[in-house]
Amino acid sequence: MAGQRYFSNELFKFLRELAENNNRPWFQSNKDRYERHIKDAALQFIADFAPHLRKISPHFVADPRPAGGSLFRIYRDTRFSKDKSPYKTNVGIRFTHEAAKDVHAPGYYLGISSKEVFCACGIWHPDGDALRKIREAIVDDPASWKRARNAKKFAGVFELEGDSLKTAPRGFDPEHPMIEDLRRKDFIGAKRVTKSQLTSPDFMDTFTTICRAGAPLQRFLCRALAVPY
């Protein structure tokens, strides 16, 4: 709810110390800190954001379950990684589209580390089919894409980020006027916020306003992927 402080500087302190002591004995000794300052705080934030998210779009999900919901697990999957550190040193909160279990779809995201805090909207690393549909939507209706990308509401808050191909994607004209956007592999709007903003009692309002500004991009991507916005 507005006026409630969800996150404190103890979150950043824990993440810094975890980066220096990324091992099970230390984590077990400090697990109560993780649960109090990160897990419980994040789950409460997710639950309280749900009604705000429904007003932005009824098709995105804020799931406050402690496992399998909007909060990413802190435990790393080390099976196929050379880095065997057992814990993530960042906090990830995702608000996925209701269709995300069946198709690649856009979402909202809050990322927190000891070094930065950022909000994002859009779609990160879509699969080949989804990426082709987005590119085809840009080619089929470049005016709609430019309106979404350049909308004051969106561009005044977000910057488009992510990876891009070095050359034109196969099947697309290298001379197309939208070629820089067609080369994108991610369609993500990102907005950095300060640590003091995150720990402010006004952060719920701040985050809601930022997510609302993502509507032009989200609408375009949902339409391209044939999912409702």
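Now for a description of the structure that goes with this document.

### Some points on the packing of helix α5 (residues 142–150) against helix α10 (residues 215–224)
Next up, step 1: At their nearest, the axes of α5 and α10 sit 7 Å apart, and the two run at 150° to each other. Accordingly, the angle class assigned to the pair α5 and α10 is roughly antiparallel. You can see that α5 and α10 cross each other, and the crossing is left-handed. Facing Ser144, Trp145 and Ala148 of α5, the residues of α10 in contact are Pro216, Leu217, Phe220 and Arg223.
Next up, step 2: Considered class by class, the residues forming the contact of α5 with α10 number five nonpolar, one polar and one charged.

### Focus: a positive patch on the surface
Next up, step 1: Together, Lys55, Lys153, Arg212 and Arg219 line one region of the surface with positive charge.
Next up, step 2: As for its position among the elements, Arg212 is in helix α9 (residues 203–213).
Next up, step 3: Since its relative accessible area comes to 41%, Arg212 is described here as partly exposed.

### Some thoughts on the nonpolar core
Next up, step 1: One finds Phe7 and Phe95 to be the most contacted residues of the largest nonpolar core, which totals 66 residues.
Next up, step 2: With 11 residues, the single largest contributor to this core is helix α3 (residues 31–56).

### Examining the side chain of Arg135
Next up, step 1: With respect to the helices and strands, Arg135 occurs in helix α4 (residues 128–140).
Next up, step 2: It turns out Arg135 is buried and unbridged, and the closest side chain with the opposite charge, Asp186, is 9.1 Å from it.
Next up, step 3: Within the structure, Arg135 has its side chain in polar contact with the backbone oxygen of Leu182 (distance 2.7 Å).
Next up, step 4: Once residues lying within four places of it in the same chain are set aside, the contact partners of Arg135 are Leu165, Pro169, Phe172, Leu182, Arg183, Arg184 and Lys185.

The rules behind the values
Residues numbered from 1 in each chain as written. Predicted model: local features only at pLDDT ≥ 70, side-chain atom pairs only at ≥ 80, totals over all residues. Heavy atoms only, no water. Axes fitted to C-alpha atoms, helices over the stretch in contact; angles between N-to-C directions. Helix = DSSP H or I, 4+ residues; strand = E, 2+ residues; numbered from the N terminus. Parallel < 35°, antiparallel > 145°, perpendicular 65-115°, else oblique. Left-handed = near helix turned anticlockwise from the far one by under 90°. Contact = heavy atoms within 4.5 Å. Nonpolar A, V, L, I, M, F, W, Y, C, P; charged D, E, K, R; others polar. Patch = residues over 30% accessible without salt bridge, like charges linked within 9 Å, V, L, I, M, F, W, Y side chains within 5 Å. Areas by Shrake-Rupley, 256 points an atom, 1.4 Å probe, with all protein chains shown as cover. Salt bridge = Lys/Arg side-chain N within 4 Å of Asp/Glu carboxyl O. Lys, Arg positive; Asp, Glu negative; His and termini not counted. Charge placed at Lys NZ, Arg CZ, Asp CG, Glu CD. Buried < 20%, exposed > 50% of the residue type's maximum accessible area, 1.4 Å probe, protein only. Core = buried A, V, L, I, M, F, W, Y, C linked by side-chain atoms within 4.5 Å. Polar contact = N/O pair within 3.5 Å; in protein donor to acceptor, adjacent residues only side chain to side chain.

Nothing here speaks to function; it is geometry throughout.
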